[in-house]
Amino acid sequence: MRAFPGRAAAAVLALALPVAGAAAADPHSYADPGRFLVRHVSLALTADFEAQRLEGTAELTVEQLDPYASELDLDTRDLEIRSVHLVEPSGETRVLAFTLGPRDPVLGSKLTIRFQKCCAATPRMRIRIAYRSSPEATALQWLEPAQTFGGQPYLYSQGQSIHTRSWIPLQDTPAVRLTYDALIRTPPQLVAVMSAARVQRPDDGAGEYRFEMRQPIPAYLIALAIGDLKFRGLDERVGVWTEPSQLEAAAREFADLPHMVEAGEAMAGPYRWERYDLLIMPRAFAYGGMENPRLSFISPSIVAGDRSLVSTVVHELAHSWSGNLVTNATWDDFWLNEGFTTYLERRLMEILYGERRARMEDAIGHEGLLQAIADAKASANPRDAALKLDLAGRDPDEGVSDVAYEKGRWFLGFLESRFGRPAFDAFLRSYFDAHAFQSLTTEGFRAWLLAHLDKPGAPAISVAEVDEWLYGGDMPATAPEVPRGVFEALDRAAADWRAGRLATGDLPAQDWVPQEWVRFLNEQPADLEAPKLAELRSRFGLGAEGNAEIALAWLSLVVRSGYEPAFPDLERFLLATGRYRLVIGLFRELSRTDSGLALGRRIYEKARPGYHATIRQAIERLLQPAGGTGAG
Ligand code: BES
Ligand code: ZN
């Protein structure tokens, strides 16, 4: 056993804290990473589909930074803790006392583990917690067979933002990174996958799967899925996992994946996670994509048949650098993850699919940004229009809006315009290299940027200009001109059609890519006449099926204009998908009027059982009596 570390040793250990810049306290965690650091978790869990519980043990390797600390605080939510043991290096165990605090609606319950005098002296210790998750675990969605493509049960976890604590007791803050390994037991016909390397032991039986994540990651990136899954490699480093019936279509849709990873490396530096695979999820999956390391989870709504929606995959891949390698230290700094990723996404789309496609996606994103800023300013939380958020006391999932994504993207676009592209590319590269496997606050980034701007030859950018982007609640005066040229002809045709100068049959729609359809529909006003809506609907077969982004734009217009004949399509769509962007976009439209709210509540009643817990929370915020147009 190692000697008791003195104060000096503790100070050295404290310097090893993986947060760049001041370790601002995370308002969304009970953990105190200044006293203890959870460095590794070893999971042994059985998936009980009948009871909808994961049950087993989590063994934490904990480093003690403060030798006088005698209590370790962990994050949990709705966990049933059976026992806590200290595991001696010899393998012997000692019972440890613990208490589970009251359940806070946002944070969950603090688990406090007490050490006796004897035990607190171990600088690194192993603590084994026996527990099981609740059927209400906010991270876990247990799908009914009818919700999957193949009619088999399915389970997946969604950790971001603070949901991992509902299936693993740990320090659930993105300021702390840890490695993990896992043994997962599943029903024999099902396969488990995780955001980790697969390892197999010769004596592993049917339904036993082992994993190892050897790079330190924040807790929200620990991810598990269990289902009837098959794999197809696309080259030696990338591939796709899906239910068997989806494999062929997924392999075709994402055939460009090897090039995407290469383009990412050329832009942001070496890909540091060895493999990059996709898991194409059931329709109920809560997001378009989730950047779980080594294995992005992707909504089947992205498999459009024509590769028109692959930017989501490019986006999740880009998180391999912005987010997974360099991580927001708190959820108030969420833009560091999503703004950088959206910027990289557009740069990579330009390289892979051309300037025109990237600028179309920019223009659509920019429209969304202006709406998000307007919604935030009209809401109870106008500060949500700033990049740096203040989410203390609120569910951090409330911070998810186009502000982080698109304002972040345009902040980096502004910096790029001042640096010049080659110099900015070098800056980005050094940013990822300098902060690899670290967590960063907005202030940490700001200090690093300002230090860079102080160097000879750096572009002229003032502190006030930077701060207007980071802390201002509007679109900054220095925002670059957003190129609209890509949609000029389309916008003209749309205006002519609206004014009756162009018949519906004469719209050049046969040449439109989905992004042009989205633009056309988004530009239509709320008072568009019913006969025009009817013509669009019948001539172009607009409804609940087909390209998900077109369906979203069409159904948003249906809500906006109160076009009742298409309400059944709206309902069908909301029952068929569980994806945040699609359902929240529509429920937000519905929440803007009283009649919309009434319809929204009626549909939600039916759709609720099929939605992931995080989506339910977000919709319930929108539909609550004082609801209105909250940002999110
Ligand atoms: N990390 C996000 C998803 C997320 C954000 C989950 C916040 C929970 C809380 C992911 O990278 C993402 O942004 N997904 C988007 C797609 C993207 C192209 C905008 C989505 O789900 O639509
Ligand atoms: Zn993202």
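None of these values were measured; they are calculated from a predicted model.

Chemist: How do you make sense of the coordination of the zinc ion (ligand 2) when you look at a structure like this?
Modeler: Coordination of the zinc ion (ligand 2) by the protein comes from His315 (NE2), His319 (NE2), Glu338 (OE) and Glu338 (OE), over a distance range of 1.9 to 2.7 Å. Coordination at the zinc ion (ligand 2) comes from six donor atoms whose angles at the metal span 53 to 159°, giving a geometry best classed as irregular. Linear spacing of the donor residues for the zinc ion (ligand 2) on their chain is H-x3-H-x18-E. Look at histidine 315 and you get buried, because its relative accessible area is 8%. According to the relative accessible area criterion, histidine 319 is buried, its value standing at 0%.

Chemist: Would you mind going over the sheet that holds strand 12 (residues 177-185) with me for this structure?
Modeler: Strand pairing in a sheet relies on backbone hydrogen bonds, with the paired strands running either antiparallel or parallel. Taken in spatial order, the eight strands make up an open sheet running 6-5-9-3-2-12-15-14, and their pairing is mixed. Looking at which strands have only one partner, the edges of the open sheet turn out to be strand 6 (93-95) and strand 14 (197-199). For this sheet, the mean angle separating the axes of adjacent strands, direction not counted, is 25°.

Chemist: Help me out: how do you make sense of the nonpolar core in this one?
Modeler: When a protein is soluble and globular, its nonpolar side chains tend to lie buried together. With 197 residues, the main nonpolar core has Ile127, Trp167, Met194, Phe411 and Trp554 as its most contacted residues. Counting residues per element, this core draws most heavily on helix 14 (residues 548-561), which supplies 10 residues.

Chemist: Help me out: how do you make sense of the pairing of strand 4 (residues 71-76) in this one?
Modeler: Each regular strand shows side chains that alternate between the opposite faces of the sheet. Burial analysis of strand 4 places five of its six residues in the buried class, the great majority of the element. Bridge count between strand 4 and strand 8 (residues 109-114): six bridges; the pairing is antiparallel. Note that in strand 8 the partner of leucine 72 across the bridge is isoleucine 113.

Chemist: Sorry, what's going on with the domain arrangement of the protein here?
Modeler: Frequently, the measure chosen for interface size is the accessible area removed from exposure when the parts meet. Splitting the protein by domain gives domain 1 (330-471) and domain 2 (506-623). On the side of domain 2, 12 residues touch domain 1, which itself brings 13 residues to the contact. For the pair domain 1 and domain 2, the summed buried area comes to about 970 Å², and 46% of that belongs to carbon and sulfur atoms. For the interface between domain 1 and domain 2, the tally reads four salt bridges.

Definitions and cut-offs
Residues numbered from 1 in each chain as written. Chains lettered and ligands numbered in written order. Predicted model: local features only at pLDDT ≥ 70, side-chain atom pairs only at ≥ 80, totals over all residues. Heavy atoms only, no water. Donors = N, O, S within 2.8 Å, 3.2 Å for Na, K, Ca; no water. Tetrahedral: all angles 85-135°; square planar, octahedral: opposite > 155°, others 65-115°. Buried < 20%, exposed > 50% of the residue type's maximum accessible area, 1.4 Å probe, protein only. Pairing = 2+ DSSP bridges. Helix = DSSP H or I, 4+ residues; strand = E, 2+ residues; numbered from the N terminus. Axes fitted to C-alpha atoms, helices over the stretch in contact; angles between N-to-C directions. Core = buried A, V, L, I, M, F, W, Y, C linked by side-chain atoms within 4.5 Å. Domains from an automatic or database assignment. Contact = heavy atoms within 4.5 Å. Buried area = accessible area lost by both parts, 1.4 Å probe. Salt bridge = Lys/Arg side-chain N within 4 Å of Asp/Glu carboxyl O.

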